[in-house]
Amino acid sequence: MDIKQLRFLVALENSQHFGQAAEHCHVTQPTLSMRLKSLEEELGIALVKRGQRFEGFTEEGKRILAWAKQVLSAYDALKIEASACKGQIIGKVRIGIVPLCSYSPIPLLKQLQQDYPQVEVELRALSSEHILEQLSRQQLDAGIAYLEQPGERFQALDLGETRMGLLYHPQLIQQLTPDSLEEISWSALPQLPLGLLSQGMHFRQAIEHNFQHLGLKLQPILETDSVHLLVQSVLAGHCCSIMPYPSYLAASVPGLKLIPISGGRTLYPLRLLIRHSEPTPILAKMLMEAAIKTQQIS
């Protein structure tokens, strides 16, 4: 067994296609298939369902795949640590961030780039649940997520509570509520055409909690997992939406307004999280240090 075989296995999961996985790994398809077959023979179990094309992984294959990802993550961290011992900080830091939060990651990324110019960043938009899962599986180096208590699993930096506001196009609101608005109550929201992020996200769960707590009925006219599409729908005057307040997203779109919702806030605080492990991966440690530095500067 070697590292390349494990990389082939993970590449196959990512592409769901033998040819594309081979292309990604810069080998021929027969070579990839032969090396995976060799891995199966060494382990004594079938990992891949084979037909005329890729048909998925066996149950045993799924379990081995989870371990393969952990081994690869540890291997990559080892190489990065070795480079750091020689004074060369290189590698890719993988960060998961919830789609809706009042924290802009841009100052953090700029600080990281300034301190470590050779470090690459991969930013993934994920739910808090998926961020915690991928951190635990070593598929992420850090996460920005809503979490009540980090417990023993994670080191955490508190990024503060997230308030909520109503994002709207002035023309739409004037048609519905002509008075000048500086703040809006939860009880006024059911009268408005609302577009919301899909269910399952913590921000959406916090909205539902507030509606249920006040005995209000939530009937959005639009639900989407795309923040970009949500903002564009508000800009077109199709709907209003509930966003973090203040919001760097809203500030980047001219023509829209954002006002606070009375008492609107998420259920849990926003935190920057890294795995609580020994040794702490160098890239995760650097990211946490950069985040603390940006907080001190601001």
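Within each chain, residue numbers correspond to sequence positions counted from 1 in written order. Given that the model is predicted, a residue must reach a pLDDT of at least 70 before its local features are reported, and side-chain atom pairs must reach 80 or more before they are shown or counted; all residues, however, enter totals for whole chains, interfaces and linings. Only hydrogens and water are set aside; all other atoms, that is, all heavy atoms of the structure, feed into the side-chain values.

### Comments concerning the nonpolar core
- Put simply, a nonpolar core is a bunch of buried Ala, Val, Leu, Ile, Met, Phe, Trp, Tyr and Cys residues held in one set by side-chain atoms that sit within 4.5 Å of each other. Categorising residues by exposure relies on relative accessible area from a 1.4 Å probe, with only protein chains included: less than 20% of the type maximum marks a residue as buried, more than 50% marks it as exposed, and the intermediate range marks it as partly exposed. By size, the foremost hydrophobic cluster in this structure holds 69 residues, and its most contacted members are Leu166, Leu189, Ile242 and Leu272.
- Comment: elements are numbered from the N terminus, with helices defined as DSSP H or I runs of at least four residues and strands as E runs of at least two. Examining the composition of this core, we find that 8 residues originate from one element, helix 11 (residues 282–297), more than from any other.
- Contacts between residues were defined by any pair of non-hydrogen atoms, one from each residue, lying within 4.5 Å. Excluding residues that lie within four positions of it along the chain, isoleucine 242 makes contacts with Leu100, Met164, Gly165, Trp186, Leu189, Gly195, Leu196, Phe203, Ile207 and Ile261.
- One finds Leu9, Cys25, Leu47 and Phe54 within the second-largest nonpolar core, a separate group that totals 20 residues.

### Some thoughts on the layout of surface pockets
- Looking at the largest pocket, its volume works out to about 1,100 Å³.
- Grid spacing is 1 Å over the protein atoms alone, the probe is 1.4 Å, and a cavity is where that probe fits but cannot get out, while a pocket is an open set with protein on both sides within 12 Å along at least five of seven lines and lining residues have an atom within 4 Å of a point. Lining of the largest pocket is provided by 33 residues; of these, Arg7, Leu72, Ser73, Asp76 and Arg94 occupy positions nearest its centre.
- Its residues assigned to classes, the lining of the largest pocket shows 13 nonpolar, 9 polar and 11 charged. Grid points are joined across faces, edges and corners, and a volume is the space filled by probe spheres set on the points. The residue classification treats Ala, Val, Leu, Ile, Met, Phe, Trp, Tyr, Cys and Pro as nonpolar and Asp, Glu, Lys and Arg as charged. All others, Gly included, are polar.

### Notes on helix 8 (residues 202–213)
- Across its 12 residues, helix 8 extends 16 Å between first and last C-alpha, which sits within 8% of the 16 Å expected from 1.5 Å per residue.
- When we look at burial in helix 8, the residues that qualify are His202, Phe203, Arg204, Ala206, Ile207, Asn210 and Phe211.
- Glycine 215 sits one or two positions beyond helix 8 and adopts a positive phi of about 70°. A helix is expected to reach a length of 1.5 Å times the quantity of its residues less one.

### So, unusual backbone geometry
- The peptide bond linking tyrosine 245 to proline 246 adopts the cis configuration, its omega dihedral lying at -5°.
- As for its placement among the helices and strands, proline 246 is situated in the loop between strand 10 (240–245) and helix 10 (248–251).
- A positive phi is found at glutamine 16, a non-glycine position, where the angle reads about 55°.
- Residue glutamine 16 is classed as partly exposed on the basis of its relative accessible area, which comes to 44%.
- Of note in the backbone geometry, histidine 26 takes a positive phi value of approximately 60° without being a glycine.

### Some details on helix 5 (residues 106–115)
- Among all positions of helix 5, only Leu108, Gln111 and Leu112 are buried. The buried side chains of helix 5 occupy one side of the element, clustering within an arc of 100° when seen end-on. Those residues of helix 5 that are exposed and aimed more than 90 degrees away from the buried face are Lys110 and Gln114. The directions from the helix axis to the C-beta atoms are what the arc is built from.

### So, empty space enclosed by the protein
- With the rule as written, the count across this model stands at 1 cavity of 30 Å³ or more.
- In this model, the largest cavity occupies a volume close to 40 Å³.
- Lining the largest cavity we find Val98, Pro99, Leu100, Ser127, Ser128, Tyr146, Leu197, Met201, His202 and Phe203.
- Tallied by class, the residues present in the lining of the largest cavity amount to 7 nonpolar, 3 polar and no charged.

### Here's the deal with the packing of helix 5 against helix 11
- To obtain an axis, a line is fitted to C-alpha atoms, over the contacting stretch when the element is a helix, and the angle between two such axes runs from 0 to 180 degrees between their N-to-C directions. Running from N to C, helix 5 and helix 11 cross one another at 115°; their axes reach a closest spacing of 9 Å. Crossing of helix 5 against helix 11: the hand is right-handed. The residues of helix 11 that touch helix 5, namely those facing Pro107, Leu108, Gln111, Leu112 and Asp115, are Met286, Leu287, Ala290, Ala291, Lys293, Thr294 and Ile297. By convention, the crossing between two helices is left-handed when the near helix turns anticlockwise from the far helix through less than a right angle, and right-handed when the turn is clockwise.

### A short note on the pattern of salt bridges
- Salt bridge criterion: a side-chain nitrogen from Lys or Arg within 4 Å of a carboxyl oxygen from Asp or Glu. In this structure the tally under the stated criterion is 12 salt bridges.
- A salt bridge links glutamate 59 to lysine 62, with the nearest nitrogen and oxygen atoms 3.3 Å apart. Of this pair, glutamate 59 and lysine 62 are both found in helix 4 (residues 59–85), 3 residues apart, which corresponds to roughly one turn of the helix.
- Owing to a relative accessible area of 46%, lysine 62 belongs among the partly exposed residues under this scheme.
- Here the salt bridges share partners, and the residues they tie into one network are Lys92, Glu122 and Arg124.

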